[in-house]
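What follows is each chain in one-letter form.
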Amino acid sequence: MARLTHPLRPWRGAVLLIAGAYFAVPLLASLVFTVDVPGQGFTLDSYTQIFGADGFTAALLRSLGLALATVALALLLTLPAALAVRLSGSGRLRAVLDVVCTLPLVVPPVALVAGLGTVLKWGPDHLATTPLYETFVAIQNPAFPLVLVFAYVVMALPFVYRSLDAGLRAVDVRTLVEAARDLGASWPRALFAVVLPNLRTALLNASFLALALVLGEFTMASLLGFQPFAVWIVQASGANAQLSVAVSLLSLLLTWGLLLVLTGLARTRGGRTGRIRILRGTRTTRKKEAV
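Attention here is on the structure that accompanies the text. None of the values given here were measured: they were computed from a predicted structure.

Position of Ser63 relative to the elements: it lies in helix α4 (residues 56-88). For Ser63, a relative accessible area of 0% puts it in the buried group. Apart from the residues lying within four places of it in its own chain, the contact partners of Ser63 are Val214, Leu215, Pro228 and Phe229.

Interhelical geometry of α4 versus helix α8 (residues 146-169) gives an angle of 45° and a closest axis separation of 8 Å. As the angle between them shows, α4 and α8 are arranged oblique. Crossing handedness for the pair α4 and α8: right-handed. Here Leu66, Ala69, Thr70, Leu73, Ala74, Leu75, Leu77, Thr78, Leu79, Ala82, Leu83 and Arg86 of α4 come into contact with α8, specifically with Leu148, Val149, Phe150, Tyr152, Val153, Leu157, Val160, Tyr161, Leu164, Asp165, Leu168 and Arg169. Looking at side-chain class alone, the contact of α4 with α8 contains 19 nonpolar, two polar and three charged residues.

Attention now moves to the nonpolar core. Leu148, Val160, Leu164 and Leu199 are the most contacted members of the largest nonpolar core, which totals 53 residues. Listing elements by their share of this core, those giving two or more residues are α4, α5 (91-102), α6 (109-126), α8, α9 (173-182), α10 (187-198), α11 (200-216) and α12 (219-224). At 13 residues, the largest contribution of residues to this core is made by α8. Leaving out residues up to four positions away in the same chain, Val160 has contacts with Ala74, Leu75, Thr78, Ala206 and Ala210.

Taken as a whole, this structure holds four aromatic pairs when the rule is applied. Centre to centre, the rings of Phe229 and Trp232 are 6.2 Å apart; their planes meet at 10°, and the pair counts as stacked. Of this pair, Phe229 and Trp232 both sit in helix α13 (residues 229-237), separated by three residues, roughly a single helical turn. One aromatic cluster is present, formed by Phe56, Phe229 and Trp232 through successive ring pairs.

Moving on, we get to the environment of Val153. When you line up the elements, Val153 lands in helix α8. Each C-alpha atom of the pair Val153 and Leu213 lies 9.9 Å from the other, and the pair is 60 residues apart in sequence. Residues within four places of Val153 in sequence aside, it is in contact with Thr70, Leu73, Ala74 and Leu77.

Turning next to the pattern of salt bridges. Considering all chains together, one arrives at two salt bridges under this definition. In this structure, Arg86 engages Asp165 in a salt bridge whose closest nitrogen and oxygen atoms are separated by 3.5 Å. Of the two residues, Arg86 is situated in helix α4 and Asp165 in helix α8; the sequence distance between them amounts to 79 residues. A residue is classified by how much of its surface remains accessible, and Arg86, at 21% relative accessible area, is partly exposed. The salt bridge involving Arg169 is made with Asp165; its shortest N-O contact spans 2.8 Å. Of this pair, Arg169 and Asp165 both sit in helix α8, separated by four residues, roughly a single helical turn. Each of Arg86, Asp165 and Arg169 takes part in one network of salt bridges that share partners.

Parameters at a glance
Throughout, a residue's number is its position along its own chain's written sequence, starting from 1. Local features in this predicted model are restricted to residues of pLDDT 70 or higher, and side-chain atom pairs are both shown and tallied only at a pLDDT of 80 or more, whereas totals for entire chains, interfaces and linings draw on every residue. With hydrogens and water excluded, all non-hydrogen atoms of the structure serve as input to the side-chain values. Helical segments are the DSSP runs of H or I of at least four residues, strand segments are the runs of E of at least two, and each set is numbered from the N terminus. Partly exposed describes any residue whose relative accessible area lies between the buried limit of under 20% and the exposed limit of over 50%, with all areas from a 1.4 Å probe on protein chains only and scaled to the type maximum. Note on contacts: a residue pair qualifies if any of its non-hydrogen atoms lie within 4.5 Å across the two residues. Here an angle of 0 to 180 degrees is reported between the N-to-C directions of two axes, which are lines fitted to C-alpha atoms, with helices fitted over the stretch in contact. Put simply, angles under 35 degrees are roughly parallel, angles over 145 are roughly antiparallel, angles from 65 to 115 are roughly perpendicular, and the rest are oblique. In a left-handed crossing the near helix is turned counterclockwise from the far helix by less than a right angle, and in a right-handed crossing that turn is clockwise. We call Asp, Glu, Lys and Arg charged. Ala, Val, Leu, Ile, Met, Phe, Trp, Tyr, Cys and Pro are nonpolar, and the rest, Gly among them, are polar. Side-chain atoms within 4.5 Å link the members of a nonpolar core, which is a set of buried Ala, Val, Leu, Ile, Met, Phe, Trp, Tyr and Cys residues. Centres within 6.5 Å are what make two rings of Phe, Tyr or Trp a pair, Trp counting through its six-membered ring; a difference in plane orientation under 30 degrees is then read as stacked, over 60 as edge-to-face, and the rest as tilted. Salt bridge, as used here: a side-chain nitrogen of Lys or Arg that lies within 4 Å of a carboxyl oxygen of Asp or Glu.

By themselves, these are just geometric observations and shouldn't be taken as functional.
Below, the structure is given as structure tokens:
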């Protein structure tokens, strides 16, 4: 068997080398473009001007806030539904949930934002004399547009659900819950202390996918007239192209850094250790009660 796989090893290195060059060459070209100014030579002005650029801090904080709100709302909607379907064991409910959570993939973002824009224009004209008018105004606040959070949740739903579904497939949720219940744990404690720690990796993967989607989304925010980080980068490129590329590289490094942090959190064993400790403590309590 080793003789058959040995000749393939050089091809693996070649594939990795080509893939690495495919990603590294554009990044290196972008880096050279930002530090090499014709007539001036090497300079770091594009990077030193980033944090002082007009609107940079506000746009970045706005995108991070939208990303955190999107992650929280997407998990709040998807995780209970996925757990309920998994615990019920109903194949029909699971098929319905699969279709509902996958449906946003077949709807183009342009069509989604067109329908959303139509509703936002229709609301104030027909609901001006009702309390809902203030709601329409509040969700379109440029400082923190909640309407983008709702739209991003719909766009991130397929990725979040697939990540959670993959994690649930790898864990026997019903057995864990039944074991925790037999040891005296309540339903909330069984879910939060036993099930969720086993879904740590799936939760982090879903969070990262939603976070990356929000930080890089441009079409919907631009058409609705808001200015998160991606829209600010495009608008800044008209005045200073090198600054725009430098900010793009910085955002890419930020995304990679978040990915490394989430990967490190996924590898920690704190959740598993805590789950074992809780089960042992519950088992000891049950033994004392039996005596």
